[in-house]
Amino acid sequence: MAHVLAVANQKGGVAKTTSVSSLGAALSELGYRVLLVDLDPQACLTFSLGLDPDALELSVHDVLLGRLSAGIVITRTSDGMDLLPATIELAGCEAVLLSRTGREHALRLALAEVIDAYDFVLVDCPPSLGVLTINGLTAADEVIVPLQCETLSHRGVGQLLDTVHDVQRLTNPGLGVRGVLPTLFDGRTAHCRAVLADVSARYDIAVLTPPIARSVRFAEAPGTGRSILSTARRSKGAEAYRAHARAIAEAVGTGPLKAGPIKAGP
Ligand code: ADP
Ligand code: MG
């Protein structure tokens, strides 16, 4: 059964979507079967992996509302990962879900029928702590929190962790916190390192290494429909995400260092 990772932070622009596509591509390179789930109505993940959200007939919205099974909507991307894509319709889904019993479990239940076909599922959460992010956290084994190091970043982490604790108490007792992933990192400034040390001490949360440095390569990738692992194969950013993918695989116990890839790469 797949290990499900939610990538969440209610702040926009902290590299949630970039981290999902890059980690997904890196896990896929290692030979794992990877499903990415776009839970953001802005559909940036879907777009950045080469699909036009405005032209999609079927999307995660139909799946969350129980109209279609996930298997029918999932599509293959050029980077080798599968994708459960989003469209702007997902914005309306939020309101419909709110009126439903068991609304927090819609994604978990929808994924149940496909989860055995994957080794990893990565969920790209929207920039809010609403019902969609709660669905992502409820379906997940672990959450990763991308964090841009700036003054007051820690406040967002505190609010997110409060939500994580609510989810652990009410809908998903097994949810773990993998840690904070420093993104858009500028290692030259002492400020970045101070913010990370503060967040780690304040919330007793792991800071994952290596940090993902700020690089123009990331801004270029989404327009090409491929992740940075394809567009800038040997860049520092791509290598950093590969290091995180290996660490995740190893921690989960399906690591290439232990068991070898589950499936041959493309
Ligand atoms: P989120 O999903 O949290 O809103 P995105 O992944 O969409 O964030 O990233 C926001 C913007 O920052 C995008 O334009 C993306 O290309 C860019 N970006 C992400 N990571 C980096 C990085 N390491 N260096 C430079 N730009 C980045
Ligand atoms: Mg995003």
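You'll find the structure just up there.
Note that this is a predicted model, so its numbers are computed, not measured. (Residues numbered from 1 in each chain as written. Chains lettered and ligands numbered in written order. Predicted model: local features only at pLDDT ≥ 70, side-chain atom pairs only at ≥ 80, totals over all residues. Heavy atoms only, no water.)

**Q** Explain helix 1 (residues 16-29) to me, please; I cannot follow it from the model alone.
**A** The end-to-end C-alpha separation of helix 1 is 20 Å, in line with the 20 Å expected for 14 residues at 1.5 Å each. The element helix 1 is extensively covered by neighbouring structure, given that twelve of its 14 residues are classed as buried. Along helix 1, the residues classified as buried are Lys16, Thr17, Ser19, Val20, Ser21, Ser22, Leu23, Gly24, Ala25, Ala26, Leu27 and Ser28. Downstream of helix 1 by one or two residues, glycine 31 has phi in the positive range, about 100 degrees. (Helix = DSSP H or I, 4+ residues; strand = E, 2+ residues; numbered from the N terminus. Expected span 1.5 Å × (residues − 1). Buried < 20%, exposed > 50% of the residue type's maximum accessible area, 1.4 Å probe, protein only.)

**Q** Sorry if this is basic, but what is going on with the packing of aromatic side chains here?
**A** Where two aromatic rings form a pair, the distance of their centres and the angle of their planes describe that pair. By the definition in use, this model includes two aromatic pairs. Summarising the aromatic geometry, the rings of tyrosine 32 and phenylalanine 120 are spaced 5.2 Å apart at their centres and angled 85 degrees between planes, so their arrangement reads as edge-to-face. Here tyrosine 32, found in the loop between helix 1 and strand 2 (34-38), pairs with phenylalanine 120, found in strand 5 (residues 120-124); they are 88 residues apart in sequence, far enough to count as distant. Judged on exposure class, the residue tyrosine 32 and its partner phenylalanine 120 are both buried. Centre to centre, the rings of phenylalanine 218 and tyrosine 241 are 5.9 Å apart; their planes meet at 70 degrees, and the pair counts as edge-to-face. One end of the pair, phenylalanine 218, is in helix 10 (residues 216-220); the other, tyrosine 241, is in helix 12 (residues 236-252), with 23 residues separating them in the sequence. Like tyrosine 241, phenylalanine 218 is buried. (Phe/Tyr/Trp six-rings, centres within 6.5 Å; stacked < 30°, edge-to-face > 60°.)

**Q** Honestly, the nonpolar core in this entry has me stumped. Any pointers?
**A** A general feature of soluble globular proteins is that nonpolar side chains tend to end up buried together. Membership of the largest hydrophobic core comes to 53 residues, with the highest contact counts inside it found for Leu35, Val37, Leu64, Leu84, Leu111, Val121 and Val123. Leu45, Leu83, Ile144 and Ile228 belong to the second-largest nonpolar core, a separate cluster that totals 32 residues. (Core = buried A, V, L, I, M, F, W, Y, C linked by side-chain atoms within 4.5 Å.)

**Q** When you look at the site of ligand 1 in this model, what are you seeing that I'm missing?
**A** Around ligand 1 sit 14 residues, and of these Gly13, Thr17, Thr18, Ala213 and Ser215 come closest. Separating an oxygen atom of ligand 1 from a side-chain N or O atom of threonine 18 is a distance of 2.6 Å. For ligand 1, whose accessible area on its own is 560 Å², the fraction buried by protein is 78%. Judged by the proximity of its atoms to the pocket grid, ligand 1 belongs to the largest pocket. For the shell around ligand 1, the elements supplying multiple residues, two or more each, are helix 1 and helix 10. Among the elements that line the shell around ligand 1, the one with the most residues is helix 1, at three residues. Class assignment of the residues belonging to the shell around ligand 1 gives a composition of seven nonpolar, five polar and two charged. (Near = heavy atom within 4 Å. Polar contact = N/O pair within 3.5 Å; in protein donor to acceptor, adjacent residues only side chain to side chain. Areas by Shrake-Rupley, 256 points an atom, 1.4 Å probe, with all protein chains shown as cover. 1 Å grid on protein atoms, 1.4 Å probe; cavity = no way out; pocket = protein on both sides within 12 Å on 5 of 7 lines; lining within 4 Å. Sits in = over half its atoms within 2 Å of the grid points. Nonpolar A, V, L, I, M, F, W, Y, C, P; charged D, E, K, R; others polar.)

**Q** How should the environment of arginine 76 be read in this particular structure?
**A** In this structure, arginine 76 sits in strand 3 (residues 75-76). A C-alpha to C-alpha distance of 18 Å links arginine 76 and histidine 61, two positions 15 residues apart in sequence. Setting aside its immediate chain neighbours within four residues, arginine 76 contacts Met81 and Asp82. A polar side-chain atom of arginine 76 sits 2.6 Å from a polar atom in the side chain of aspartate 82. (Contact = heavy atoms within 4.5 Å.)

**Q** What should I look at first to understand the environment of serine 48 in this one?
**A** In this structure, serine 48 sits in helix 2 (residues 44-48). For serine 48 and leucine 84, which are 36 residues apart along the polypeptide, the C-alpha to C-alpha distance reads 13 Å. Dropping the residues within four chain positions of it, serine 48 is found in contact with Thr17, Pro222, Gly225 and Arg226. Within the structure, serine 48 has its side chain in polar contact with the backbone oxygen of leucine 45 (distance 3.0 Å).

**Q** Just to check I follow, could you spell out the sheet that holds strand 1 (residues 3-7) for this structure?
**A** Picture the strands of a sheet paired through backbone hydrogen bonds; they go either parallel or antiparallel. Ordered by their spatial adjacency, seven strands build an open sheet running 3-4-2-5-1-6-7, and the pairing between neighbours is mixed. The outermost strands of the open sheet, each flanked by one partner alone, are strand 3 and strand 7 (176-183). Relative to strand 5, strand 1 runs parallel, the two being bridged by five bridges. Bridging from a neighbouring strand, valine 7 pairs with aspartate 124 of strand 5. Sheet contacts for helix 12: strand 1, strand 5, strand 6 (142-148) and strand 7; angle to strand 7, the most-contacted strand, approximately 170 degrees. (Pairing = 2+ DSSP bridges. Axes fitted to C-alpha atoms, helices over the stretch in contact; angles between N-to-C directions.)

**Q** What's the story with the layout of surface pockets in this structure? I'm lost.
**A** Take a probe with the size of a water molecule and roll it over the atoms, and the empty space left behind shows itself. For the largest pocket, the calculated volume is near 550 Å³. If you go around the largest pocket, you meet 30 residues; those closest to its centre are Val14, Ala15, Lys16, Thr17 and Thr18. Elements represented by at least two residues in the lining of the largest pocket include exactly helix 1, helix 2 and helix 10. Broken down by element, the lining of the largest pocket gets its largest block of residues, five residues, from helix 1. Classifying every residue of the lining of the largest pocket gives 15 nonpolar, eleven polar and four charged. Considering only enclosed or pocket space, the second largest pocket measures out at about 170 Å³ in volume. (Points joined across faces, edges and corners; volume = space filled by probe spheres on them.)

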